[in-house]
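# Secondary and tertiary structure notes
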Amino acid sequence: MLRIDHLYKSFGGISAVKDFNLHIKKGVIFSIIGPNGAGKTTLFNLITGLYSPDRGDIQLEGRDVTGLPPHLIAKMGISRTFQNIRLFENLTVLDNIRVGFHLKQNYRLSGVILNSKAYKKEEEEIKERTHYLLKGFKMEGYQDNLASSLPYGEQRKLEIIRALATNPKLLLLDEPGAGMNHKEQEEITNFIRWIRDEFELTILLIEHQMKVVMNISEKVIVMDFGETIAMGKPQEIQNNPRVIEAYLGGEECLK
Ligand code: ATP
């Protein structure tokens, strides 16, 4: 699904991502962990076209996406959420999701003005799919609320739903469990598993909450100073001395 070879990105003298390689098979949930400043978000920004790499290649299902603008990359099937939630705060939950569908809309402005059959049909489909997603995430009751009025955990879920509305093949989640209590983390873990199965997604996630990482990932990659220092199954990672050392707090941080 995703193939990254020899990726580099520097900011001035800082190598944020250095000779990074990653091959991910379809349908896998893959986590990226690492201390602050390890280069995780830079990697997401490179994959989604917010940054252009200095060197290296990124391929989605064999198609080169390296350095393409974000809207084209999204159209090709990569969608994401952000570490700091970025919703349209003054739009309703429903409209936030409908924005996500816009990327795949086929009707033209003339169709809207003339209230054409094609326009009405597509809008009806969007409505149905929006309700299906809201139901799947147990958020039907919120559809007319402003995004800014939602509890924190629901805002995180809404961001995931909006990303799903673009109909991605690969979904990048930047700290989906951040700021959540134990129960909310368990819930988001279940939702992530559900969307992977339901929409046949491949999921790459950055996460600091080790319970979420260990619970959900089939594979984990550990970054430090822009480089990969370990890769393997969650259990292997948890017991890797180099990984334990990279986390200043030692072993406790990985439990
Ligand atoms: P965190 O877990 O704290 O989010 P991270 O692993 O996501 O950290 P990045 O945000 O990718 O790390 O940052 C990697 C390095 O690149 C850091 O030294 C950071 O200061 C630097 N960096 C990231 N983006 C920029 C930028 N736009 N301009 C300059 N330096 C940047």
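Our structure's up above, just so we're on the same page.
For clarity, every value in this text was computed on a predicted model and none was experimentally measured.

The subject of this paragraph is the pairing of strand β9 (residues 219-224). A large share of β9 lies buried, amounting to five of its six residues. Strand direction decides the pairing type here: β9 and strand β10 (residues 227-232), joined by five bridges, are antiparallel. Each residue of the ladder has a partner; that of D224, found in β10, is E227. Between β9 and β10, which follow one another and run antiparallel, lie two residues, and F225 among them has a positive phi close to 50°.

Let us look at the environment of E218. By the element assignment, E218 lies in the loop between α8 (210-216) and β9. Relative accessible area serves as the criterion here: at 35%, E218 is assigned to the partly exposed category. In sequence terms E218 and T92 are 126 residues apart; their C-alpha atoms lie 35 Å from each other. Once residues lying within four places of it in the same chain are set aside, the contact partners of E218 are G27, V28, I29, R196, K233 and P234. A distance of 2.8 Å separates a polar atom in the side chain of E218 from the backbone nitrogen of I29. At 3.0 Å, the side chain of E218 and the side chain of R196 are in polar contact.

You will see that H6, though not glycine, has its phi angle at about 50°, which is positive. Relative to the assigned elements, H6 resides in strand β1 (residues 2-11). On the basis of relative accessibility, which here comes to 45%, the residue H6 falls in the partly exposed class. In the Ramachandran plot, N167 falls in the positive-phi region, its phi being about 60° despite a non-glycine side chain.

Neighbouring the ligand are 14 residues, the closest being G37, G39, K40, T41 and T42. Contacts to the ligand include A38, whose backbone N or O atom sits 3.0 Å from an oxygen atom. One of the side-chain N or O atoms of Q83 is found 3.3 Å from an oxygen atom in the ligand. The protein chains hide 65% of the 640 Å² of surface that the ligand would expose on its own. Listed by contribution, the elements that provide at least two residues to the shell around the ligand are β2 (14-24) and α1 (40-47). By residue number, the principal contributor to the shell around the ligand is α1, which donates three residues. By residue class, the composition of the shell around the ligand is six nonpolar, seven polar and one charged.

Take the packing of helix α6 (residues 152-165) against helix α7 (residues 182-198) next. Where α6 contacts α7, the axes come no closer than 11 Å and their chain directions differ by 10°. The angle between α6 and α7 places the two elements in the roughly parallel class. Taken together, the residues of α7 that come into contact with α6 (itself represented by G153, K157, I160 and L164) are E184, E187, I188, F191 and I195. Taken together, the residues that form the contact of α6 with α7 break down as five nonpolar, one polar and three charged.

Here we take up the nonpolar core. L171 and I203 are the most contacted members of the largest nonpolar core, which totals 31 residues. Residue assignment for this core shows that the elements contributing at least two residues are α3 (93-101), α5 (117-136), α6, β7 (170-174), α7, β8 (202-206) and α8. Those residues in contact with I203, other than ones at most four positions away along the chain, are V28, I29, F30, L171, L173, I192, I195 and R196. In this structure, I58, V65, M76 and I206 belong to the second largest nonpolar core, which totals 28 residues.

Turning our attention to the sheet that holds β8. One open sheet holds the six strands; their spatial order is β6-β7-β8-β3-β9-β10, and the pairing between them is mixed. Looking along the sheet, the strands with just one partner apiece sit at the ends: β6 (78-80) and β10. This sheet shows a mean twist of 20° between the axes of neighbouring strands, independent of strand direction. The pairing of β6 with β7 spans three bridges and is parallel. Following the sheet pairing, S79 is matched in β7 by L171. The sheet strands contacting α6 are β6 and β7, and the helix crosses β7 at an angle near 160°. Each of β3 (29-33), β7 and β8 touches α7; the most contacted strand, β8, lies at about 155° to it.

For the coordinates displayed, the defined rule picks out four aromatic pairs. Centroid distance F137 to F191: 4.8 Å. Interplanar angle 15°. Geometry classified as stacked. Here F137, found in the loop between α5 and α6, pairs with F191, found in helix α7; they are 54 residues apart in sequence, far enough to count as distant. For the pair shown, F137 and F191 are each scored as buried. For the pair W194 and F199, a centre-to-centre distance of 5.9 Å together with 80° between the ring planes defines the contact as edge-to-face. Ring pairing ties together the aromatic residues F137, F191, W194 and F199, which thus form one cluster. The ring of Y8 has R55 lying over it, and the distance from NZ or CZ to the ring centre is 4.1 Å.

About the criteria used
All chains use their own residue numbering, which begins from 1 and follows the written sequence. Whole-chain, interface and lining totals are the exception, using all residues; otherwise, since this is a predicted model, local features are given only for residues with pLDDT of at least 70 and side-chain atom pairs are given and counted only at 80 or more. For side-chain calculations, the full set of non-hydrogen atoms in the structure is used, while hydrogens and water are omitted. The rule is simple: take the accessible area with a 1.4 Å probe, protein chains only, and divide by the maximum for that residue type; under 20% is buried, over 50% is exposed, in between is partly exposed. Where helices and strands are cited, they refer to DSSP runs of H or I of at least four residues and of E of at least two residues respectively, numbered from the N terminus. We call two strands paired when DSSP finds no fewer than two bridges between them. Every residue pair with non-hydrogen atoms within 4.5 Å of one another is taken to be in contact. Polar contacts, as used here, are pairs of N or O atoms within 3.5 Å; protein pairs need one atom able to donate a hydrogen and one able to accept it. Residues neighboring in sequence count only if both atoms are side-chain atoms. Proximity is defined per residue: any heavy atom of the residue falling within 4 Å of a molecule or strand makes that residue near it. Surface exposure here means Shrake-Rupley accessible area, sampled with a 1.4 Å probe, where a residue is shielded only by the protein chains that are shown. For this classification, the nonpolar set comprises Ala, Val, Leu, Ile, Met, Phe, Trp, Tyr, Cys and Pro, the charged set comprises Asp, Glu, Lys and Arg, and every other residue, Gly included, is treated as polar. Axis definition: a line fitted to C-alpha atoms, limited for helices to the stretch in contact. Angles are taken between N-to-C directions and run from 0 to 180 degrees. Orientation is classified from the angle alone, with under 35 degrees giving roughly parallel, over 145 giving roughly antiparallel, 65 to 115 giving roughly perpendicular, and any other angle giving oblique. Throughout, nonpolar core names a set of buried Ala, Val, Leu, Ile, Met, Phe, Trp, Tyr and Cys residues whose side chains join them through atoms within 4.5 Å. Centre distance within 6.5 Å is the pairing criterion for rings of Phe, Tyr and Trp, where only the six-membered ring of Trp is used; planes under 30 degrees apart are then read as stacked, over 60 as edge-to-face, and the remainder as tilted. Should the NZ of a Lys or the CZ of an Arg lie within 6 Å of a ring centre and within 35 degrees of the ring normal, that charge is described as sitting over the ring.

In short, geometric facts, not functional conclusions.
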